[in-house]
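Single-letter residue listing:
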Amino acid sequence: MFEDMVTARYYEERLQEEYLEGKQPAFDISAGPIPGELHLAAGHEAAAAGVCRHLRDDDTVTAPHRPHHVAIAKGVDLKRMTAEIFGRQTGLSGGKGGHMHLFDPDVNFACSGIIAEGCPPAVGAGLAAKKRNEDSVAVAVLGEGAISQGAFLESLNLAAVQELPVVFVVEDNDWAISMPKDRITDVDDGSLRAGGFDMPGVRVDYDDATAVYDAAKDAIGRARAGNGPTLLEVQVHRRMGHFMGDPQSYRPDEDTEAAQERDSIERLADDLREAGVEDDDVEAIRERAHDRVDEVIEWAKDQPEPDPEAAHEDVFVNPPSGVTTDEPTHELAGSDD
Amino acid sequence: MAQQESQAVERELTMSRAMVEAIAHEMRENDEVFYMGEDVADYGGIFDSTEGLREEFGYDRVMDVPISETAYIGAAVGAAQAGMRPIAELMFVDFFGVCMDQIYNQMAKNTYMSGGNVSVPMVLTTAVGGTYNDAGQHSQTLYGTFAHLPGMKVVVPSTAYDAKGLMHNAIRDDDPVVYMFHKRLMGIGWMPAPDGPKTPVPDEPYTIPFGSADVKREGSDVTVVTLGLHVHQALEAAETLAEDGIDAEVIDLRTLVPLDTETILESIGKTGRLVVVDEDYRSYGVTAEIVASAAEERLADLDAVERVAVPDVPLPYARPMEDEVIPDVEDIEAAVRAVEP
């Protein structure tokens, strides 16, 4: 758990450095080695690590647009994920998906850039497991900004009424881009929503990985035993802007500072030391994680860019014959000639 | 002509400032106008579509809403039917799937289904376009989707002057108007605009009627019909082509519904050659519509046609692949050369 968290944090610190290259001094979103937007999860690590520790490769996870910490904890191939983020040919989707759209079917991981839209597919994975009498479970991870979406509320209801093995994990970081939580909901404790669907709801108030681990153990155990879904809300914090380049002028400085001070990783490190783990062992974990991250980033940067023509592939697994191509037709219209 | 009027004015605005100026004016004039969307108040819109409005009008009239497109866009429909004039922003057009029922089954159809007894005087603003590598769920243009479904007027400005005049008209219109602004034209710091969208803009309000395409460059050899970002790319291509003695006329559609076929047909009468350029998907889209309309009305005048559009693939993330599928200046040049005898 500690290693997953340290890996995720350092991974994103390195991505941030790479992302900003070529964007200094003037931030131009289309410059630099990493394409597109980048949403970092620094401060969210405890939620992913505590939950995914209970999951197997055949369990499904759907993550939102801020996916790296969840992907790392779920065991997504870090090299190919990094190559994908750099838009390289050897990336998970050959450079087609990018950082918000990571798919690793080997460990049943997917994510989506549309808010709350990972919930219905997680319900579907739970439905498939139930129909096949398998004991795999599905976990949908979303932010607290997503709880107003129909897809989330409809998914809770469907999972509950069908008693499906699904755990909904809400990462509550208090901010939906520029909107503070108190302006999007009158329900401070999001786990109370579970009552409306007659399913268990649990909230972990401080971003304490151990407490998340314990709560998730119950929820995932319940799902795996065929006892239906759970809503688990985990308080995390957003150390960064919503996306890289977000000026955060809407956010009070003291809120950003408080988020920086609350560090779930240091908290867990202290817990480990108190539990008798030697400092050297904690540092060894950190060092191993950093080495691994440095290695995959260097590897990914060395990977080739995709062939532009590859853009035309993969629309269908079974492409229809005579599919439209981009070739100019040069056909003459009209009857004059 | 819009261009001629604007030449007398020295003050230049970015497209986002021009849009906001029109919205602010209409809000001052009419208490029934309000703006609703995600991150539109404190943030000022992710693409600066509402920059400064909250400071003047407060949270009651520039409303941040929870991430719940079905609820707030549907609420705009309800408020419009109650006689208000809401502007609702869908942050990226790609998010339309979340709330399309409220858009195409309610906003667009209620006037018709009520036999004309209900009007829905709202504006749906939304950001479109790629060219910044944000992949399949944040880079689409989707002009064709909204123009295809009946009941919505569809507006696509390409300059600050047009953005202001079209916005005034959109807010005053008694029908639902979908106002699609291209991110790359807004003039935001982190997404540099090409030369062109920043234009002189008069202080006073003015309207640009829907259904009036603008001939942005006159020419005699080939008619290039386009909209949004690709107006500027077509103009750039036309300059290069002119060096080779090819004189391209560039038509900016400005609105898709209603569509100004007259201006297109007149131009075809002059040139006999048609190139249609669109950042949306190729099949069943704007290019097909324009070519079909031209063929219906002026088949005998048409010597050659070409379409330049995104092939039928979702927008890829990596740069070499995005560059491959989104039409650029060179693609437009090549298409014009291909229709030249």
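It should be emphasised that the depicted structure is a prediction, and the values quoted were computed from it without experimental measurement.

1. What to know about the sheet that holds strand β6 (residues 153–155) of chain B
Residues and elements named next belong to chain B.
- Reading across from one edge, β3-β2-β4-β5-β7-β6-β12 is the order of the 7 strands in this open sheet, with mixed pairing throughout. Two strands in the sheet have a free side with no partner beyond their single neighbour: β3 (62–64) and β12 (255–257). Taken over all neighbouring pairs, the strand axes of this sheet differ in orientation by 20° on average, direction set aside.
- Pairing analysis gives 6 bridges linking strand β5 (residues 123–128) to strand β7 (residues 177–182), with the strands arranged parallel. In the sheet register, Val-123 faces β7, and the bridge partner there is Val-177.

2. A look at the sheet that holds strand β9 (residues 214–217) of chain B
Residues and elements named next belong to chain B.
- Taken together, 5 strands build an open sheet; the order of strands is β9-β11-β10-β13-β14 and the sheet is mixed. Either end of the sheet is taken by a strand with one partner, and the two such strands are β9 and β14 (304–310). On average, each strand axis in the sheet is inclined to that of its neighbour by 25°, with strand direction left out of account.
- Of the strand pairs in this sheet, β9 and strand β11 (residues 248–252) are connected by 3 bridges, and their pairing is antiparallel.

3. What to know about the pattern of salt bridges
- Inspection of every chain in the model, using the stated rule, returns 50 salt bridges over all chains.
- Arg-85 of chain B is paired through a salt bridge with Asp-174 of chain B; the nearest N and O atoms lie 2.8 Å apart. With Arg-85 of chain B in strand β4 (residues 85–92) and Asp-174 of chain B in the loop between α8 (160–172) and β7, the pair connects residues that are 89 residues apart, well separated along the chain.
- Residue class for Arg-85 of chain B comes out buried when judged on its relative accessible area of 15%.
- Between Glu-333 of chain B and Arg-337 of chain B there is a salt bridge, and its shortest N-O distance comes to 3.9 Å. Of the two residues, Glu-333 of chain B and Arg-337 of chain B are both situated in helix α13 (residues 329–339); the distance of 4 residues between them amounts to about one turn of the helix.
- Classification of Arg-337 of chain B by relative accessible area gives partly exposed; the value is 33%.
- Here the residues in one salt-bridge network are Arg-14, Glu-17, Glu-18, Asp-294, Glu-298 and Lys-301 of chain A, joined through shared partners.

4. Looking at the interface of chain A and chain B
- In this assembly, 60 residues from chain A lie in contact with 53 residues from chain B.
- Note on chain A versus chain B: buried area summed over both sides is about 4,400 Å², and carbon and sulfur give 56% of it.
- Where chain A packs against chain B, one counts 2 salt bridges.
- Where Asp-42 of chain B meets Arg-183 of chain A, a salt bridge forms, and the shortest distance between an N and an O atom there is 3.3 Å.
- Counting across the interface, chain A meets chain B through 20 residue pairs in polar contact (both at pLDDT 80 or more).
- Residue classes in the side of chain A that touches chain B are distributed as 24 nonpolar, 22 polar and 14 charged.

5. Some points on the nonpolar core
- Core analysis: the largest hydrophobic core is formed by 156 residues, its most contacted members being Met-81 and Phe-109 of chain A together with Phe-146, Tyr-179 and Leu-274 of chain B.
- Looking at this core, the element that brings in the most residues is helix α2 (residues 15–29) of chain B, giving 8 residues.
- Setting aside residues no more than four positions away along its own chain, Met-81 of chain A makes contact with Tyr-11, His-68, Ala-71, Ile-72, Val-76, Leu-92 and Leu-102 of chain A.

6. A word on the confidence of the model for chain A
- Of all residues in chain A, 95% attain a pLDDT of 70 or more, and the chain-wide mean is 94.
- Low pLDDT, under 50, characterises residues 328–337 of chain A; the predicted model gives this stretch 18 contacts beyond four residues in sequence or across chains.

7. Comments concerning the side chain of Thr-141 of chain B
Residue and element names in this part refer to chain B.
- In this fold, Thr-141 is placed in the loop between β5 and α7 (143–148).
- Of the residues examined, Thr-141 reaches a relative accessible area of 2% and is grouped as buried.
- There is a polar contact of 3.4 Å between the side chain of Thr-141 and the backbone oxygen of Glu-279.
- If sequence neighbours within four positions are ignored, Thr-141 has contacts with Val-93, Val-128, Gly-129, Met-180, Glu-279 and Asp-280.

8. Things to note about the packing of helix α4 (residues 78–85) of chain A against helix α10 (residues 279–301) of chain A
All names here are of chain A.
- Contact geometry for α4 and α10: axes closest at 9 Å, N-to-C directions at 50°. Considered as vectors, α4 and α10 are oriented oblique to each other. Considering the relative orientation of α4 and α10, their crossing is right-handed. Facing α4, whose interface residues are Leu-78, Lys-79, Arg-80, Thr-82 and Ala-83, α10 presents Arg-292, Val-296, Ile-297, Trp-299 and Ala-300.

9. Brief notes about the environment of Pro-341 of chain B
Residue and element names in this part refer to chain B.
- Its place among the elements puts Pro-341 in the segment after α13.
- Of the residues examined, Pro-341 reaches a relative accessible area of 84% and is grouped as exposed.
- Counting along the chain gives 220 residues from Pro-341 to Pro-121, while the straight-line C-alpha distance between them is 48 Å.

What counts, and at which threshold
- Residues numbered from 1 in each chain as written.
- Chains lettered and ligands numbered in written order.
- Predicted model: local features only at pLDDT ≥ 70, side-chain atom pairs only at ≥ 80, totals over all residues.
- Heavy atoms only, no water.
- Pairing = 2+ DSSP bridges.
- Helix = DSSP H or I, 4+ residues; strand = E, 2+ residues; numbered from the N terminus.
- Axes fitted to C-alpha atoms, helices over the stretch in contact; angles between N-to-C directions.
- Salt bridge = Lys/Arg side-chain N within 4 Å of Asp/Glu carboxyl O.
- Buried < 20%, exposed > 50% of the residue type's maximum accessible area, 1.4 Å probe, protein only.
- Contact = heavy atoms within 4.5 Å.
- Buried area = accessible area lost by both parts, 1.4 Å probe.
- Polar contact = N/O pair within 3.5 Å; in protein donor to acceptor, adjacent residues only side chain to side chain.
- Nonpolar A, V, L, I, M, F, W, Y, C, P; charged D, E, K, R; others polar.
- Core = buried A, V, L, I, M, F, W, Y, C linked by side-chain atoms within 4.5 Å.
- pLDDT = per-residue confidence, 0-100.
- Parallel < 35°, antiparallel > 145°, perpendicular 65-115°, else oblique.
- Left-handed = near helix turned anticlockwise from the far one by under 90°.

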